[in-house]
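Listed below are the residues making up each chain.
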Amino acid sequence: MNNRLFSKKMKLADIIAANHNIILLLPRFGIPLGFGEKSVGEVCDAAGVSADFMLLICNVYTFDDYLPDIEVLKNTDMSPLIHYLLESHKYYTDERLPHIEAHLHHIADRVGGRYGQILKQFYGDFRNEITEHFQIEEQLDFPKLISLQQGQADHRKLPQHHDKSHSTLVDKMNDLTQIVYKYLPGNVLPEETMELVFDILQLAADIQKHALIEDKILTPYIAWMERSMK
Amino acid sequence: MKALTSVLIVEPSEIIFYGLRCILEETGSYNVLSPMSDATLLDEKLPSVRPDLLIVNPTLLSATPRQQLSSWMALRPQMPVVALVYQYVDEALMDLFKYRLDIRRTRSEIASLLKSVVDDYAENEEPAENTESYELSDRETDVLVLVAKGLSSKEIADKLNISVHTVNSHRKNITHKTGIKSVAGLAVYAMIHNLM
């Protein structure tokens, strides 16, 4: 199965042709568009990004049954991990969530009455919950890995929260799409409503992979680093 | 407040019907629907009348009683069927009924028997998994509203007098039917559908 994973010699354009969602990851690595026919290795070198690390993330985003084991992580430059995760959080909280909120409020205002109010309330609660979740990670998990990567022992105990709260967040995003396209009156701003559904679906898929990276890469990697410090 | 259990009585004798209605209404837990004097039109009536409990005189069943009973139960899976017995009924026919009500019982025996039927049925009823209908049953709606109000499965079980296991089966069916998993999402569903 590892044969079909993306590799450094492949053209970045071919990888994006295979999975267009990867375009959304490029800004998180600081890779601009306009890369022509360059290979992943060349593009990453030019941007000063570890190509191995970038490929690891692209592979997780593309191949649903692919998860690197700890041996792969040990042999990959994982120093960009926290920066990457922080950039992802920033993309969600500063760009996608406000964008979706603006559309949702626009639609909710047109729907009006109880429906509109309920919808806004649900979204507001969801947004608070996810923002708080990111903050906890940024205050606990991320600094812990940074200390470990700097060779300092860090005895902070991490809460066993992630798996469960990740799946709750993904469930809520799925619920939101269901509510919007199944139960809202269909005759109010139909085009904008469809766009909204696609925006939420896109974000839900993105966050699902993001959660997978935190649960199956970040958490075991922190545990391994901690063991190897002893 | 617990909703009244609505009871449909299928019985040709007016004396028996009014007597039974009187006993049921005294308990304050039942809403007795207008009676039917024979069972031939029951199939058509069940979906609109939606009783929670059916009490039927077994002598009114058709020549194929097993099919007839199972068609009623398919229409209202959450509705226990009780045989109302006061005359000779063939034993093979009686065996089709899980619950029997003998009219020679005292009023308090009748009340407690029916209460135990309702409780027992709610307890043992395994909510059907892949039912074709995507509409929530009455019981599922009850559970949905309590979930939406933020009650835990244990609290719901206590409130509805059913087991936690049954509550969880209902919750699974609700999610299967609505596509919604989170409590907050179910609350939105309940509000949009004016259930609370």
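Fair warning: this is a prediction, and the values are worked out from it, not measured in the lab. Each chain has its residues counted from 1, running along the sequence as written. Key to labels: chains lettered from A, ligands numbered from 1, both in the order written. Per-residue local features are limited, in this predicted model, to residues with pLDDT of at least 70; the limit for side-chain atom pairs, both in listing and counting, is 80 or more; totals at the level of whole chains, interfaces and linings are taken over all residues.

## Looking at the overall build of chain A
Only runs of H or I of at least four residues qualify as helices and only runs of E of at least two qualify as strands under DSSP, and these elements are numbered from the N terminus. Secondary structure summary: chain A contains 10 helices and zero strands in total. The helix and strand sequence of chain A, counted from the amino end, reads α-α-α-α-α-α-α-α-α-α. With C-beta atoms placed from the backbone, a residue is buried if 20 or more other C-beta atoms are within 10 Å of its own, exposed if 12 or fewer are, and partly exposed between those counts. Counting only residues that meet the buried cut, chain A has 25% of its 230 residues in that class. Think of it this way: build a C-beta for each residue from its backbone, and any pair within 7 Å is a contact. If you take every contact in chain A between residues at least 6 apart in sequence, the share linking residues at least 24 apart comes to 74%.

## Notes on the overall build of chain B
Looking only at helices and strands, chain B has nine helices and five strands in total. When the helices and strands of chain B are placed in sequence order, the string is β-α-β-α-β-α-β-α-β-α-α-α-α-α. Scored against the burial criterion, the 196 residues of chain B give a buried share of 32%. For chain B, contacts bridging at least 24 residues in sequence account for 66% of all contacts bridging at least 6.

## Overview of the interface of chain A and chain B
Taken together, the contact pairs 13 residues of chain A with 10 residues of chain B. Of all the secondary structure elements, the ones that give two or more residues to the side of chain A that touches chain B are α7 (113–139) and α9 (162–183) of chain A. Its residues assigned to classes, the side of chain A that touches chain B comprises five nonpolar, three polar and five charged. Here the term charged refers only to Asp, Glu, Lys and Arg, the term nonpolar to Ala, Val, Leu, Ile, Met, Phe, Trp, Tyr, Cys and Pro, and the term polar to all other amino acids, Gly among them.

## Some points on the packing of helix α6 (residues 81–111) of chain A against α7(A)
Residue and element names in this part refer to chain A. Every angle, taken between N-to-C directions, lies between 0 and 180 degrees, and every axis is a line fitted to C-alpha atoms, over only the stretch in contact when it is a helix. At a minimum axis distance of 9 Å, the contact between α6 and α7 shows a crossing angle of 170°. As judged from the angle between their axes, α6 and α7 are roughly antiparallel. Between α6 and α7, the contacting residues are Leu86, His89, Thr93, Leu97, Glu101, Leu104, His105, Ala108, Asp109 and Val111 on the first element and Tyr115, Gly116, Leu119, Lys120, Tyr123, Arg127, Thr131, Phe134 and Glu138 on the second. For the contact of α6 with α7, the per-class residue count stands at nine nonpolar, five polar and five charged. Angles are sorted into four bins: roughly parallel if under 35 degrees, roughly antiparallel if over 145, roughly perpendicular if 65 to 115, and oblique for all others.

## Concerning the sheet that holds strand β1 (residues 5–10) of chain B
Residue and element names in this part refer to chain B. What makes two strands pair is DSSP finding at least two bridges between them. The strand order across the open sheet built from five strands is β2-β1-β3-β4-β5, with neighbouring strands paired in parallel fashion. In this open sheet, the two edge strands, each paired with only one partner strand, are β2 (30–32) and β5 (99–102). Here the strands of the sheet are splayed against their neighbours by 30° on average, with no regard to which way each runs. In this structure, β1 lies alongside strand β3 (residues 53–56), joined through four bridges in parallel fashion. Among the inter-strand pairings, Leu8 is bridged to a residue of β3, identified as Leu54.

## Some thoughts on helix α9 (residues 183–192) of chain B
In terms of residue burial, α9(B) counts as a mostly covered element, since seven of its 10 residues are buried. Buried residues belonging to α9(B) abut α7 and α9 of chain A together with α6 (138–148) and α8 (164–178) of chain B. Trailing α9(B) by a residue or two, B:Asn194 shows a phi angle of about 55°, which is positive.

## Quick word on the confidence of the model for chain B
The predicted coordinates should not be examined in detail at positions where pLDDT is low. Averaged over chain B, the pLDDT score is 87; the fraction of residues at 70 or greater is 93%. In the predicted assembly, ipTM is 0.81 and pTM is 0.67. pLDDT expresses how confident the predictor is about each individual residue, on a scale running from 0 to 100.

## As for the environment of A:Val180
Residues and elements named next belong to chain A. Structurally, the position occupied by Val180 is in helix α9. Overall, the presence of 20 C-beta atoms within 10 Å leaves Val180 in the buried class. Along the primary structure Val180 and Ala108 are separated by 72 residues, whereas in three dimensions their C-alpha atoms are 9.9 Å apart. If sequence neighbours within four positions are ignored, Val180 has contacts with Thr193, Leu196 and Val197.

## Considerations on unusual backbone geometry
Residue and element names in this part refer to chain B. Positive phi, normally seen in glycine, also occurs at Arg50, with a value near 45°. Position of Arg50 relative to the elements: it lies in the loop between α2 (42–49) and β3. For Arg50, a count of 16 C-beta atoms within 10 Å puts it in the partly exposed group. One non-glycine residue, Asn194, lies in positive phi territory at about 55°.

## Topic: the environment of A:Leu73
Among the secondary structure elements, A:Leu73 is positioned in helix α5 (residues 70–74). With residues near it in sequence (within four places) discarded, A:Leu73 still touches A:Pro68, A:Met78, A:Ile217 and A:Tyr221.

## A closer look at the nonpolar core
By definition, a nonpolar core groups buried Ala, Val, Leu, Ile, Met, Phe, Trp, Tyr and Cys residues that connect through C-beta atoms lying within 7 Å of each other. In terms of nonpolar packing, the biggest core is built from 33 residues, with A:Leu104, A:Phe122, A:Leu176, B:Val143 and B:Leu186 touching the most fellow members. Listing elements by their share of this core, those giving two or more residues are α6, α7, α9 and α10 (190–229) of chain A together with α6, α7 (153–160), α8 and α9 of chain B. Top contributing element to this core by residue count: α9(B), with six residues. B:Val32, B:Met36, B:Leu54 and B:Ala83 belong to the second-largest nonpolar core, a separate cluster that totals 28 residues.

## Looking at the environment of B:Phe97
All names here are of chain B. Along the chain, Phe97 falls in the loop between α4 (91–94) and β5. As for Phe97 and Pro80, which are separated by 17 residues in sequence, their C-alpha atoms are 9.7 Å apart. Each residue touching Phe97, except ones within four places of it in the same chain, is listed here: Pro58, Val81 and Ala83.

## Here's the deal with the packing of α7(B) against α8(B)
All names here are of chain B. Orientation of α7 relative to α8, taken along the N-to-C sense of each, is 110°, at an axis distance of 8 Å. Here α8 runs roughly perpendicular to α7, going by the angle between their axes. Contact with α7, carried on its side by Ser153, Lys154, Ile156 and Ala157, involves Val164, Val167, Asn168 and Arg171 of α8 and no other residues of that element. Residue composition of the contact of α7 with α8, grouped by class: four nonpolar, two polar and two charged.

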